[in-house]
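Here's the letter readout for the chains.
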Amino acid sequence: MINAVRHLRRLAPQTTLRLIAFLSLLFSPLVALAAQTLPYTLETSYPHQPALFTQGLELYQGRLFESSGLYGHSKVVSRAFPPKAEDSITGTVLPSNLFAEGLSLYRGKLYMLTWRAGKGLVLDPHHFKLLDVFDYAGQGWGLCASVNKDRGDFLVMSNGSDQLQWIDANTLKLSHKVNVNDAGQPVDQLNELECHGDYIIANQWHKSHLLIIHAVTGNVLAKLDLSALALDAAKSATLDPEAVLNGIAYDPSDDSWLITGKLWPKIYRIKFDLSKVKDLQKAAVR
């Protein structure tokens with residue numbers, strides 16, 4: 001590096017400075033970049049049951065599955081989506097000592113966390129029969145299923161900290177943890193999750209944005225500012241202070257995303273281009 005800089009002194013001053021900066025980046029540890037803002041478009045909205053304290057949201061075989069929290073009121077419900085007035089809602093109520101949390105679908109089964117019980121439930125999505133119970137340490141917040149031919153199959157869960165816990169989908173045992181950070185700073189209170197390829201899309205409790213997290217590194221690569229949706233949801237009713245953004249479901253039929261919040265009267269369909277995340281990162285270093 002020193003010899004290279006000496007050689008560069010023969011060049012024009014501005015050229016030398018540019019090359020020195022480039023070599024410094026090349027031979028130094030990678031600099032963590034702050035998350036950039038990713039734009040989105042609002043496609044439409046649908047009615048949502050405002051009594052649901054939304055914790056998890058999943059679209060599967062034309063039905064929307066949703067877990068709703070609070071002790072004594074926890075449940076998981078399902079209805080056809082997009083919703084129609086005549087649609088019937090099916091589901092099951094949890095015992096009063098369980099607080100329903102994150103929800104995900106993996107290989108035709110529902111996996112649901114509970115807040116403080118340290119118990120995960122495996123349910124039949126058609127009849128909501130309890131198929132299995134698995135244990136985990138700490139609290140349960142958000143959950144998503146990561147299926148990748150190179151990395152294997154995992155359930156990724158959050159617990160309110162800045163860590164994502166990767167649970168082996170076959171053994172339901174903890175495999176490893178990934179720390180989440182934005183420009184090197186820890187990002188905690190990660191809530192509802194949606195796994196999508198190399199990314200994990202996450203809500204952050206009491207924040208009106210979505211985080212786009214790299215699944216392997218844990219770096220927050222981009223954010224979507226959804227404060228406009230939160231404001232719109234509050235127009236039709238005075239919302240509870242805990243009626244925060246929470247609920248993400250991917251719709252592969254048109255590459256869109258369903259977004260809602262706890263006690264919100266609406267579900268929103270939005271679109272954003274994940275392929276632009278890399279472009280945002282490149283622009284940030286120019």
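Look a little higher up for the structure.
Since we're looking at a predicted model, the values are computed, not measured. (Residues numbered from 1 in each chain as written. Predicted model: local features only at pLDDT ≥ 70, side-chain atom pairs only at ≥ 80, totals over all residues. Heavy atoms only, no water.)

Glancing now at the overall build of the protein. Looking only at helices and strands, one finds four helices and 23 strands in the protein. Evaluated residue by residue, the protein yields a buried proportion of 47% over its 286 residues. Nonlocal contacts in the protein, meaning residues at least 24 apart in sequence, comprise 49% of its contacts between residues at least 6 apart. On the protein, roughly 14,300 Å² of surface is accessible, and the fraction owed to carbon and sulfur atoms is 54%. (Helix = DSSP H or I, 4+ residues; strand = E, 2+ residues; numbered from the N terminus. Buried < 20%, exposed > 50% of the residue type's maximum accessible area, 1.4 Å probe, protein only. Contact = heavy atoms within 4.5 Å. Areas by Shrake-Rupley, 256 points an atom, 1.4 Å probe, with all protein chains shown as cover.)

On to the state of the cysteines. By the definition in use, this model includes one disulfide. A sulfur-sulfur distance of 2.0 Å marks the disulfide that ties Cys-144 to Cys-195. The S-S bond linking Cys-144 to Cys-195 shows a torsion near 55°; that makes this disulfide right-handed. One end of the pair, Cys-144, is in strand β11 (residues 143-148); the other, Cys-195, is in strand β17 (residues 190-196), with 51 residues separating them in the sequence. As far as burial versus exposure is concerned, Cys-144 and Cys-195 are alike and both buried. (Disulfide = S-S within 2.5 Å.)

Before going further, it helps to spend a moment on the packing of aromatic side chains. Per the counting criterion, the structure on display carries 14 aromatic pairs. Seen from their ring centres, Tyr-46 and Phe-81 are 4.8 Å apart, and the 65° between their planes marks the pair as edge-to-face. Taken together, the residues span a long stretch of sequence, with Tyr-46 in strand β2 (residues 41-47) and Phe-81 in the loop between β5 (75-80) and β6 (90-93) at a distance of 35 residues. Centroid distance Trp-141 to Trp-205: 5.9 Å. Interplanar angle 90°. Geometry classified as edge-to-face. Here the residue Trp-141 occupies a position in the loop between β10 (130-135) and β11, and Trp-205 occupies one in the loop between β18 (199-204) and β19 (209-214), the gap between them amounting to 64 residues. In this structure Trp-141 comes out as buried when scored by relative accessible area, which is 11%. Ring pairs connect the aromatic residues Tyr-106, Tyr-111, Phe-134 and Tyr-136, which therefore count as one cluster. Lying over the aromatic face of Trp-115, Arg-116 brings its terminal NZ or CZ to 4.0 Å of the ring centre. (Phe/Tyr/Trp six-rings, centres within 6.5 Å; stacked < 30°, edge-to-face > 60°. Lys NZ or Arg CZ within 6 Å of the ring centre and 35° of its normal.)

Attention shifts here to unusual backbone geometry. With omega at 0°, the peptide bond leading from Phe-81 into Pro-82 counts as cis. Turning to its location among the elements, Pro-82 is positioned in the loop between β5 and β6. Its identity as a non-glycine residue notwithstanding, Leu-70 has a phi of 90°, on the positive side. Along the chain, the position of Leu-70 falls in the loop between β4 (63-68) and β5. Its identity is not glycine, yet His-206 carries a phi of approximately 65°, on the positive side. With respect to the secondary-structure elements, His-206 resides in the loop between β18 and β19.

Take the pairing of strand β12 (residues 152-158) next. Along β12, six of the seven residues are buried, which leaves the element largely enclosed by surrounding structure. Sheet topology places β11 next to β12; six bridges connect them, and they run antiparallel. Of the residues in β12, the one forming a bridge with Ser-146 is Phe-154. What sits between the antiparallel neighbours β12 and strand β13 (residues 163-168) is a turn of four residues, in which Gly-160 has the positive phi angle 95°. (Pairing = 2+ DSSP bridges.)

Another aspect to go through is the side chain of Lys-262. Relative to the assigned elements, Lys-262 resides in the loop between β22 (256-261) and β23 (266-271). Glu-242 provides the closest opposite charge to the buried, salt-bridge-free Lys-262, at an N-O distance of 5.2 Å. Filtering out sequence-adjacent residues up to four positions away, Lys-262 remains in contact with Leu-52, Phe-53, Thr-54, Gln-55, Asn-191, Trp-205, Glu-242, Ala-243, Val-244 and Asn-246. (Lys, Arg positive; Asp, Glu negative; His and termini not counted. Salt bridge = Lys/Arg side-chain N within 4 Å of Asp/Glu carboxyl O.)

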